[in-house]
Amino acid sequence: MSIILVGMARENSTRVQQKMTRPFGDTTLFNLYIDKLKVMSQMDNPFSRVVIGVNKNDKTIYGISKKSGLEVIDRDDMSVSREIHSLNSTHNFLKDIEEDYVMTVNACFPFLKVDTILKIANFFNESKDIKSLTCAKERYNHFWDFTTHKPINNKDPKCVSTRIISPILENVNHILIYKKEAIFKNNSLWQYTKNDPYIYLVEENEECLDIDTPFDFRICEATYKYSKKM
């Protein structure tokens, strides 16, 4: 079984303009991301290769990628467009890779640690019956179905405490592992069968902070600046 670690980024973002390249403290999200990939490429790791997939028209991040020393795989315009396309079209730059499995690390999680990435990669590599993997965190709260407004995880109207109700699992989209064949044969990451995907539980901490909105960006930048002072 061979695993390729793939970094992916694009300059055009819908909700946070120029998210990857705008100032983030004393750096940028993309520079933090590239540094993380470079460190892993130089460490003992379970990957056959560590690569970065970017589009030539994203001139800033493409230039940084080419200077990083990492292997760069070119993404076409559709792969990085704002429109929602099928998985096999957004991942078509991986069609000709030799590896069986792909691990992607999301660039929008600035506090995700190298040790965590390698820990999860090694866990998957050493497991024999896991077909794919995604991460999730436990959420203790009352959740309701959007359409019916009926309770999802608490059926007892007498229970108002969030400490004793059953938790619900929320996906954390910072690390994914999937079989390359699934993308190009089934146009999906997994089939929702046993261990496809395997749900890897992670703690809810700063590593789970995801930048999707301008508010997220401000929170994460403030956290980053504070951590630099510590």
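Refer to the structure printed above.
Keep in mind it's a predicted model, so treat the numbers as computed, not measured. (Residues numbered from 1 in each chain as written. Predicted model: local features only at pLDDT ≥ 70, side-chain atom pairs only at ≥ 80, totals over all residues. Heavy atoms only, no water.)

1. So, the overall build of the protein chain
Looking only at helices and strands, one finds 7 helices and 7 strands in the protein chain. What you see in the protein chain, going N to C, is helices and strands ordered as β-α-β-α-β-α-α-β-α-β-β-α-β-α. Over its C-alpha atoms the protein chain spans a radius of gyration of 19 Å, differing by no more than 12% from the 17 Å that the globule rule assigns to 230 residues. Over its C-alpha atoms, taken along the principal directions, the protein chain stretches across nearly 60 × 45 × 35 Å. The buried share among the 230 residues of the protein chain stands at 45%. Considering only intrachain contacts with a sequence separation of at least 6, the fraction spanning at least 24 residues in the protein chain is 72%. Accessible surface computed for the protein chain: about 13,200 Å², of which carbon and sulfur atoms make up 50%. Across the protein chain, the mean location of the 32 positive side-chain charges is 3 Å away from that of the 31 negative side-chain charges. (Helix = DSSP H or I, 4+ residues; strand = E, 2+ residues; numbered from the N terminus. Rg over C-alpha atoms; globule rule 2.2 N^0.38 Å. Buried < 20%, exposed > 50% of the residue type's maximum accessible area, 1.4 Å probe, protein only. Contact = heavy atoms within 4.5 Å. Areas by Shrake-Rupley, 256 points an atom, 1.4 Å probe, with all protein chains shown as cover. Lys, Arg positive; Asp, Glu negative; His and termini not counted. Charge placed at Lys NZ, Arg CZ, Asp CG, Glu CD.)

2. So, helix 2 (residues 59-67)
Along helix 2, the residues that are buried comprise I61, Y62 and S65. Down the axis of helix 2, the buried set is contained in an arc of 100°. They therefore lie on one face. Away from its buried face, by an angle of more than 90 degrees, helix 2 presents the exposed residues K59 and K67. Two residues or fewer past helix 2, G69 is found with a positive phi of approximately 90°. (Arc of directions from axis to C-beta.)

3. A look at a nonpolar patch on the surface
A cluster of nonpolar side chains, L169, I199 and L201, forms an exposed patch at the surface whose accessible area comes to about 260 Å². With respect to the helices and strands, the residue L201 is situated in strand 7 (residues 198-201). (Patch = residues over 30% accessible without salt bridge, like charges linked within 9 Å, V, L, I, M, F, W, Y side chains within 5 Å. Salt bridge = Lys/Arg side-chain N within 4 Å of Asp/Glu carboxyl O.)

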